[in-house]
Amino acid sequence: MRLEIANIGNPILRQVAKEVTIKQIDSEEVQTLIDNLIETMHFANGAGLAANQVSVPWRIFVVEVKDNARYPYKPDIPLTVLINPQIEFLTEDRFDNYEGCLSVPNLRGVVERCPEIKIKGFNRAGEPVKILAKGITAGTFQHEYDHLNGLLFLDKVKDTKSLCTWGEFKKHHEDDFIKQVEKVVARYGS
Ligand code: ZN
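Quick caveat, the model's predicted, so the values are computed rather than measured.

Chemist: Please clarify how the overall build of the protein chain should be interpreted in this entry.
Modeler: Along the protein chain, the regular secondary structure elements total 4 helices and 7 strands. When the elements of the protein chain are put in sequence order from the N terminus, they spell out α-α-β-β-β-β-β-β-β-α-α. A globule of 190 residues ought to have a C-alpha radius of gyration of about 16 Å, and the protein chain, at 16 Å, matches this closely. Overall, the protein chain is about 45 × 35 × 30 Å in size when its C-alpha atoms are taken along their principal axes.

In structure tokens form, the structure reads like this:
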């Protein structure tokens, strides 16, 4: 079932989401939520979606990039469900990522992200998983992780002059950003 996505201003987006117990992962409630998160992310052409974006304050997010219409330059990411994720930065390096968010309609801005991270958490079967993510893909995971801590990309925009609508991004910033993305992918992989 498709769920309604909470927009900026909705207090649910500012709550720190709660850990899910291993026992809960197996429940119909959590499994249905995960199915609905995936369906909602697909419908909205998102690269990821966190549970609190659909008004459920649990530490769960889904990520998938495959020929994404919203983000045509993003390297593919296989469908990934992460429960109680933890992120470790593996380098001091940072790169500039032009981000958007399904909960912040028609706005994009530049956020600094770590290009090499390790993510630990559980999959929907309740099994521990460990993922190494690089470059733009690492940025996508950090964006979703921030949601679980009540943070939006806007909180991390270092220069508010980078803020723009999607239309103006396409007109004025996309070409330059695609060149930057190519450099990040060449340097760090994805
Ligand atoms: Zn978001």
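From this point, the discussion proceeds with the structure in view.
Chemist: Looking at this structure, how should I read the side chain of Lys-74?
Modeler: Assignment of secondary structure puts Lys-74 in the loop between strand E2 (60-65) and strand E3 (77-89). With no salt bridge to any partner, buried Lys-74 finds its closest opposite charge in Glu-99, at an N-O distance of 6.9 Å. Reaching out from Lys-74, the side chain makes a polar contact with the side chain of Thr-140 at a distance of 2.8 Å.

Chemist: What's the story with the coordination of the zinc ion in this structure? I'm lost.
Modeler: Ideal values differ by geometry: the angle at a metal is 109.5 degrees with four tetrahedral donors, but 90 or 180 degrees with six octahedral donors. The protein atoms donating to the zinc ion are Cys-101 (SG), His-143 (NE2) and His-147 (NE2), with metal-donor distances spanning 2.1 to 2.3 Å. For the zinc ion, the single-chain donor residues occur in sequence as C-x41-H-x3-H. With Cys-101 in strand E4 (residues 95-101) and His-143 in helix H3 (residues 135-148), the pair connects residues that are 42 residues apart, well separated along the chain. Of the residues examined, Cys-101 reaches a relative accessible area of 4% and is grouped as buried.

Chemist: I keep staring at the environment of Leu-79 and nothing clicks. Help me out?
Modeler: If you trace the backbone, Leu-79 turns up in strand E3. Relative accessible area serves as the criterion here: at 40%, Leu-79 is assigned to the partly exposed category. Filtering out sequence-adjacent residues up to four positions away, Leu-79 remains in contact with Ile-38, Met-41, Val-63 and Glu-64.

Chemist: Can you walk me through the environment of Leu-82 in this structure?
Modeler: Inspection of the secondary structure puts Leu-82 in strand E3. Here the alpha-carbon distance between Leu-82 and Ile-119, two residues 37 residues apart in the chain, equals 9.0 Å. Among all residues touching Leu-82, those that are not within four sequence positions of it are Arg-59, Ile-60, Phe-61, Ile-119, Gly-121, Phe-122, Val-129, Ile-131 and Phe-141.

Chemist: I'm lost on the sheet that holds strand E6 (residues 116-122) in this one. Help?
Modeler: Backbone hydrogen bonds are what pair the strands of a sheet, in a parallel or an antiparallel way. Strand order in this open sheet of 5 strands is E1-E2-E3-E6-E7, and the pairing throughout is antiparallel. Whereas interior strands pair on both sides, the edge strands pair on one side only; in this sheet they are strand E1 (48-50) and strand E7 (128-134). Strand after strand, the sheet turns through a mean of 40° between neighbouring axes, direction not considered. With 5 bridges connecting them, E3 and E6 associate as antiparallel partners. When the bridges of E6 are listed, Phe-89 appears paired with Ile-117. Where H3 meets the sheet, its contacts fall on E1, E2, E3, E6 and E7, and the angle it forms with E3 comes to roughly 70°.

Chemist: Any chance you could explain unusual backbone geometry here in plain terms?
Modeler: It is generally the case that most residues other than glycine have a negative phi and that most peptide bonds are trans. For Ser-55, which is not a glycine, the phi torsion comes out positive at approximately 70°. As for its placement among the helices and strands, Ser-55 is situated in the loop between E1 and E2. Even without glycine at this site, Asn-84 takes up a positive phi of about 50°. Tracing the backbone through its elements, the reader meets Asn-84 in strand E3.

Chemist: Looking at this structure, I do not really get helix H2 (residues 28-43). What am I missing?
Modeler: An α-helical turn contains 3.6 residues, so a residue and the one three or four places further along point in the same direction. Given a rise of 1.5 Å per residue, 16 residues ought to cover 22 Å, and the 22 Å separating the end C-alpha atoms of H2 matches this to within 8%. By the burial criterion, the buried members of H2 are Val-30, Gln-31, Leu-33, Ile-34, Asn-36, Leu-37, Ile-38, Thr-40 and Met-41. For H2, the elements touching its buried residues are helix H1 (22-25), E1, E2 and E3. Two residues or fewer past H2, Asn-45 is found with a positive phi of approximately 60°.

Chemist: Which parts of the structure should I look at to understand the pattern of salt bridges?
Modeler: Any two side chains of opposite charge can pair, given that their charged atoms come close. Taken as a whole and judged by the stated rule, the model has 12 salt bridges. A salt bridge links Arg-187 to Asp-93; the shortest N-O distance between them is 3.3 Å. Here Asp-93 lies in the loop between E3 and E4 and Arg-187 lies in helix H4 (residues 166-188), a separation of 94 residues in the sequence. When its relative accessible area of 26% is taken as the criterion, Asp-93 is described as partly exposed. A salt bridge links Lys-158 to Asp-96, with the shortest nitrogen-to-oxygen separation between them at 2.9 Å.

Parameters and conventions
- Residues numbered from 1 in each chain as written.
- Predicted model: local features only at pLDDT ≥ 70, side-chain atom pairs only at ≥ 80, totals over all residues.
- Heavy atoms only, no water.
- Helix = DSSP H or I, 4+ residues; strand = E, 2+ residues; numbered from the N terminus.
- Rg over C-alpha atoms; globule rule 2.2 N^0.38 Å.
- Buried < 20%, exposed > 50% of the residue type's maximum accessible area, 1.4 Å probe, protein only.
- Lys, Arg positive; Asp, Glu negative; His and termini not counted.
- Salt bridge = Lys/Arg side-chain N within 4 Å of Asp/Glu carboxyl O.
- Polar contact = N/O pair within 3.5 Å; in protein donor to acceptor, adjacent residues only side chain to side chain.
- Donors = N, O, S within 2.8 Å, 3.2 Å for Na, K, Ca; no water.
- Contact = heavy atoms within 4.5 Å.
- Pairing = 2+ DSSP bridges.
- Axes fitted to C-alpha atoms, helices over the stretch in contact; angles between N-to-C directions.
- Expected span 1.5 Å × (residues − 1).

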